[in-house]
Amino acid sequence: MKASIRAWGSLVFGFSLALTAIAVMAQTPGTSVDVLHWWTSSSERRAADQLASQLALAGVQWKDAAIPGGGGMAAVKVLKSRVLMGDPPDVAQLIGTTLTDWADIKLVLPLNGVAQRQRWQSVLFPTVLDLVTYKGDVIAAPLGIHRINTLLYNRRLFAHIGLAPPRTWAQFEVAAQKLQQAGIRPLAWSDEPWQIATVFETVLLGEAGPTLYQDLIVRRHSAAWLDPRVERALQRLRWLRNLAGENPQERVWTEGARELMNDTTGMMIMGDWAKGELMAWGANPARDFGCIEVPGTSGMHLYSIDTFAMLVSPRQREAVQEKIAEVVVGPVAQIAYNRIKGSVPVRRDIDPSVLDSCARQSWDTFSNPASARVPSLAHRMAADENIKDAVAQALWRYLTDPKGDTLETQRRLATIIRTPVMER
Ligand code: GAL
């Protein structure tokens, strides 16, 4: 009897030890992390899953908090409300200027320790390190470099009609006309404001060149918006939009990619995440579609760099958050993730021969010191959420209002994009 009580006692003791161990494990910071992002298309989802599996190998469990919506419009709103409610995610896809605003109010964990240990200073591209460095602190883990000035074209349709990929707007006009004559939609289009802004900034870069682009977007010289080259860019934007026909249509960006895939559309101007999407659907850049720079932007790289910020929270997850930064910037995750996402690695010490032909062009241009690397406004690299949204709205109005006036739109843009008060 005594023996069985003892046995029972030790069983209970053992059981409670196990429970304690489970409880301790559950409390151990960093086993499971909440990740907020807006990657929900096929390629985006796979790229996120790839990061999750890299993190799993390091003992970190990814709890997904994806908020659908291209360009992150909805995700940023949800993120803000979670922070206001005192429930920030551990990791957030927070990019560009928004990041610095949040760092100013101490919502973002500095990653100086991991950056130093992993020698980010020497392994990252200087433009990337600059973007994630603010007031002397490294404030985010960079994931990949997207190229916005990408023109995708359908190789089968181009071969069928006997067209060469257009390098100039004159060649583009001929290609558009021939596609139309063959009953094919020349250019995928959506009137979603962020997509309009994405096309506009690449056209602007082509018309204005990198110096004026920097004046307009980075240095925000208000008066420069009245330059005739801006007028030409707006007129070109309207011409591109009119190729899509009369009725305005706001469609998710994957629909345009789908048309390109199905041979119903000849071309698409979009960040190279669209290439990632085509590849996720089984298309091949050597066989099915090609990528070239948008006319006028050869040798220029209009970039948007995705980053993960580690948010400060009462849960005190610093150790695991640093681990995440280390893993996602590490060479293995960098190659695996970027090959799916459509972007290129943020590290300059990887072997670029593992990249597909589109990524290779992007990589070569970005890493060439002679290239012009300019930040995307539509994807938050150059201005905050409010300015970006106001610009996108002004462009949307210009295109969707039949009476939309070019000069008036230039004036409106000049008012929205002003020199920051501090720098005046
Ligand atoms: C961008 C983001 C990309 C891609 C795209 C479409 O802002 O940097 O990673 O997801 O939006 O949603």
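Residues numbered from 1 in each chain as written. Predicted model: local features only at pLDDT ≥ 70, side-chain atom pairs only at ≥ 80, totals over all residues. Heavy atoms only, no water.

Undergrad: Provide a residue-level description of helix α17 (residues 385-400), including the pertinent values.
TA: With 16 residues, α17 extends 22 Å from end C-alpha to end C-alpha; this agrees with the ideal 22 Å at 1.5 Å per step. Listed as buried for α17 are Glu-385, Ile-387, Lys-388, Val-391, Ala-392, Ala-394, Leu-395, Tyr-398 and Leu-399. Elements that come into contact with the buried residues of α17 comprise α3 (73-84), α4 (97-104), α10 (193-218), α11 (228-242) and α18 (406-416). Capping the start of α17 is the job of one residue whose side-chain oxygen sits 3.2 Å from the backbone nitrogen of Asn-386: Asp-384. (Helix = DSSP H or I, 4+ residues; strand = E, 2+ residues; numbered from the N terminus. Expected span 1.5 Å × (residues − 1). Buried < 20%, exposed > 50% of the residue type's maximum accessible area, 1.4 Å probe, protein only. Contact = heavy atoms within 4.5 Å. Polar contact = N/O pair within 3.5 Å; in protein donor to acceptor, adjacent residues only side chain to side chain.)

Undergrad: If you had to explain the packing of helix α12 (residues 253-261) against helix α13 (residues 273-280) to someone new, which residues and values would you point to?
TA: Between α12 and α13, the least distance of the axes is 10 Å, while the angle of their chain directions is 55 degrees. Classified by the interaxial angle, the pair formed by α12 and α13 is oblique. The handedness of the crossing between α12 and α13 is right-handed. Contacts between α12 and α13 involve Trp-253, Thr-254, Ala-257, Leu-260 and Met-261 from the former and Trp-273, Ala-274, Glu-277 and Leu-278 from the latter. Here the residues of the contact of α12 with α13 are counted per class, giving 7 nonpolar, 1 polar and 1 charged. (Axes fitted to C-alpha atoms, helices over the stretch in contact; angles between N-to-C directions. Parallel < 35°, antiparallel > 145°, perpendicular 65-115°, else oblique. Left-handed = near helix turned anticlockwise from the far one by under 90°. Nonpolar A, V, L, I, M, F, W, Y, C, P; charged D, E, K, R; others polar.)

Undergrad: Break down the environment of Leu-205 for me, citing the residues and quoting the values.
TA: With respect to the helices and strands, Leu-205 occurs in helix α10. Using a relative accessible area of 0% as the deciding quantity, one classes Leu-205 as buried. Taking the C-alpha atoms as reference, Leu-205 lies 8.1 Å from Leu-302; in sequence the two are 97 residues apart. Residues within four places of Leu-205 in sequence aside, it is in contact with Pro-210, Tyr-213, Thr-297, Met-300, Leu-302 and Val-374.

Undergrad: Tell me about the site of the ligand, residues and numbers included.
TA: Near the ligand the following residues occur: Trp-38, Trp-39, Glu-44, Gly-70, Gly-71, His-146, Trp-253, Trp-273, Ser-304, Asp-306, Lys-341 and His-379. Here Trp-38 contributes a side-chain N or O atom positioned 3.3 Å from an oxygen atom of the ligand. A distance of 2.5 Å separates an oxygen atom of the ligand from a polar atom in the side chain of Glu-44. When isolated, the ligand has an accessible area of 300 Å², and the protein chains bury 100% of it. Class assignment of the residues belonging to the shell around the ligand gives a composition of 4 nonpolar, 5 polar and 3 charged. Each of two domains, domain 1 (2-147 + 305-366) and domain 2 (150-302 + 371-416), supplies a minimum of three residues to the shell around the ligand. (Near = heavy atom within 4 Å. Areas by Shrake-Rupley, 256 points an atom, 1.4 Å probe, with all protein chains shown as cover. Domains from an automatic or database assignment.)

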